[in-house]
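# Residue-level structural notes
One letter stands for each residue in the lines below.
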Amino acid sequence: MHQLGISDIGAALACGDFSSVELTRNLLDRIAALDPRLNAFITVCADSALAEAAAADARIRAGTATPLTGVPYANKDIFCTEGVRTSCGSRMLDNFIAPYDATVVERLRNAGMVMVGKTNMDEFAMGSSTETSFYGPTRNPWDTARVPGGSSGGSAAAVAARLVPAATATDTGGSIRQPASLCGVTGLKPTYGRVSRYGMIAYASSLDQGGVIARDARDSALLLTVMAGFDPRDSTSVDRPADDYLGPLEDSLAGLRIGVPIEYFGAGLDEGVGAAIQAALGELERLGARLIDVSLPNSALSIPAYYVVAPAECSSNLSRYDGVRFGHRCEEPRDLVDLYGRSRAEGFGREVKRRIMIGTYALSSGYFDAYYLKAQRIRRLIQADFRAAFTKVDVLAGPVTPTLAFMIGEKTGDPVSMYLSDVYTVPANLAGIPAIAIPAGFCAGLPVGLQLAGDYFSEARLLNVAHRFQLATDWHRQAPPGIDR
Ligand code: GLN
């Protein structure tokens, strides 16, 4: 049962092959057996999951089910979940029980999905390896000595290890696509504003976007159908109905113009990763697409611009954790300043503190113009690069991340080398365009992901290209060795 994706589970539940309670129990058993090694979950909600599954079974019997009713899934621990701890991977929120559901969670709950737990993540989503989590690193199911990527490493590892068929995730600079790529699963970051950020703990508000990690493009389309749409509670949510993501899935790729950004194949790209990507591009060509070289000349500025904008916004967003209203509070504060100082010193980890300091510096008087304003200008140039490219091509294709999954501990001492794992993913966030990572091959036994990016609100097209690729390949069907007991 655990091998099935969402569409197959939906079909099996509808015809009574098994019940949601049976499936949920099966997955909870797998989590109990396998997760001590992987650490993909921060919280497992066994009792409430079984109750939700029983309610879903009743709904299926009553004939009021949706295609997602009774399907188990997990939420990244950055999404507020009513009555369930929402830690954001931080000691600061270790004691925080969210009083309400994020819009995304509410929508999936209303559709009848069963939440089995909350997944591990880099603290406040700052990281590319899930190593900055207060709860310890998640391990990559393909090789447990390696990182699963981050920050949504728990969601990616849980889906790859068949502990859940899908999980929510968020992407500020690559946190859906990079872990999906390193774990051999499918990860979609929608257009900025497509999915509500209400109840999604803020890291860098102008970049953060919620999305999905699932086995394949079809399952991602099913989930996005429910998650996408206007939300008056999020002022950056776009007032535009969700598109039909399922209808165009099978459309032919004949004549599709796929742009290959030359800047994404330069120095720094691992040879094995590059070879797998070239082979995947060849497959897209066989499917009828035309490959066209394009240039995104400002690509090299993405990382420096991102690592000014993201820390600047995080320093502002994280100022709310003051030890007064919620979250960690130090013991016996002497006065207010001591309360603020020690609560934050104890509650935040090293990487978060580093970013708050960088961001506070970049925003301070006299430096704002030199750093934040300059970075925002670069952002506009990057957006213009994409706009120019999309006058010539329909989608862009290239690598997700320059290397294979690296060893746990390999980059923790060198933040800049960690930041460079985001070199191909941050441009989409800076511009706000959608992008998807799909399994596209293996190198040394580790998964390699292909990234497809499109113009604003082109999720349906990206899912279509990904789905056609997945009909012709079986990379997305490979499961890590040793995950079947
Ligand atoms: N790795 C990037 C960072 O550390 C992106 C993280 C994310 O997308 N949340 O900021």
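Now for a look at the structure at hand. (Residues numbered from 1 in each chain as written. Predicted model: local features only at pLDDT ≥ 70, side-chain atom pairs only at ≥ 80, totals over all residues. Heavy atoms only, no water.)

### Focus on the site of the ligand
Neighbouring residues of the ligand: 15 residues in total, closest Thr172, Gly173, Ser175, Tyr203 and Tyr306. Here a nitrogen atom of the ligand sits 2.9 Å away from a polar atom, N or O, in the main chain of alanine 125. Interatomic distance of 2.8 Å between a side-chain N/O atom of serine 128 and a nitrogen atom of the ligand. Here the ligand loses 100% of its free accessible area of 290 Å² to cover by the protein chains. Looking at the shell around the ligand, its residues break down into 5 nonpolar, 7 polar and 3 charged. (Near = heavy atom within 4 Å. Polar contact = N/O pair within 3.5 Å; in protein donor to acceptor, adjacent residues only side chain to side chain. Areas by Shrake-Rupley, 256 points an atom, 1.4 Å probe, with all protein chains shown as cover. Nonpolar A, V, L, I, M, F, W, Y, C, P; charged D, E, K, R; others polar.)

### Details of the packing of aromatic side chains
The final tally for this structure, using the stated rule, is 17 aromatic pairs. Relative to tyrosine 321, the ring of phenylalanine 124 lies with its centre 5.1 Å away and its plane at 50°, an arrangement referred to as tilted. A residue pair is termed long-range when its members are at least 10 positions apart, and phenylalanine 124 in the loop between strand S3 (114-119) and helix H5 (153-160) and tyrosine 321 in the loop between helix H9 (302-317) and helix H10 (336-347) qualify at 197 residues. Judged by its relative accessible area of 3%, tyrosine 321 is buried. Between phenylalanine 134 and tyrosine 135 the ring centres are 5.1 Å apart and the planes differ by 75°, which places this aromatic pair in the edge-to-face class. Judged by its relative accessible area of 41%, phenylalanine 134 is partly exposed. The cationic tip of arginine 240 hangs over the ring face of phenylalanine 457; the distance from NZ or CZ to the ring centre is 4.1 Å. (Phe/Tyr/Trp six-rings, centres within 6.5 Å; stacked < 30°, edge-to-face > 60°. Helix = DSSP H or I, 4+ residues; strand = E, 2+ residues; numbered from the N terminus. Buried < 20%, exposed > 50% of the residue type's maximum accessible area, 1.4 Å probe, protein only. Lys NZ or Arg CZ within 6 Å of the ring centre and 35° of its normal.)

### Thoughts on a nonpolar patch on the surface
A cluster of nonpolar side chains, contributed by Val324, Leu336 and Tyr340, occupies part of the molecular surface with about 250 Å² of accessible area. Along the chain, the position of leucine 336 falls in helix H10. Here leucine 336 falls in the partly exposed class, since its relative accessible area comes to 47%. (Patch = residues over 30% accessible without salt bridge, like charges linked within 9 Å, V, L, I, M, F, W, Y side chains within 5 Å. Salt bridge = Lys/Arg side-chain N within 4 Å of Asp/Glu carboxyl O.)

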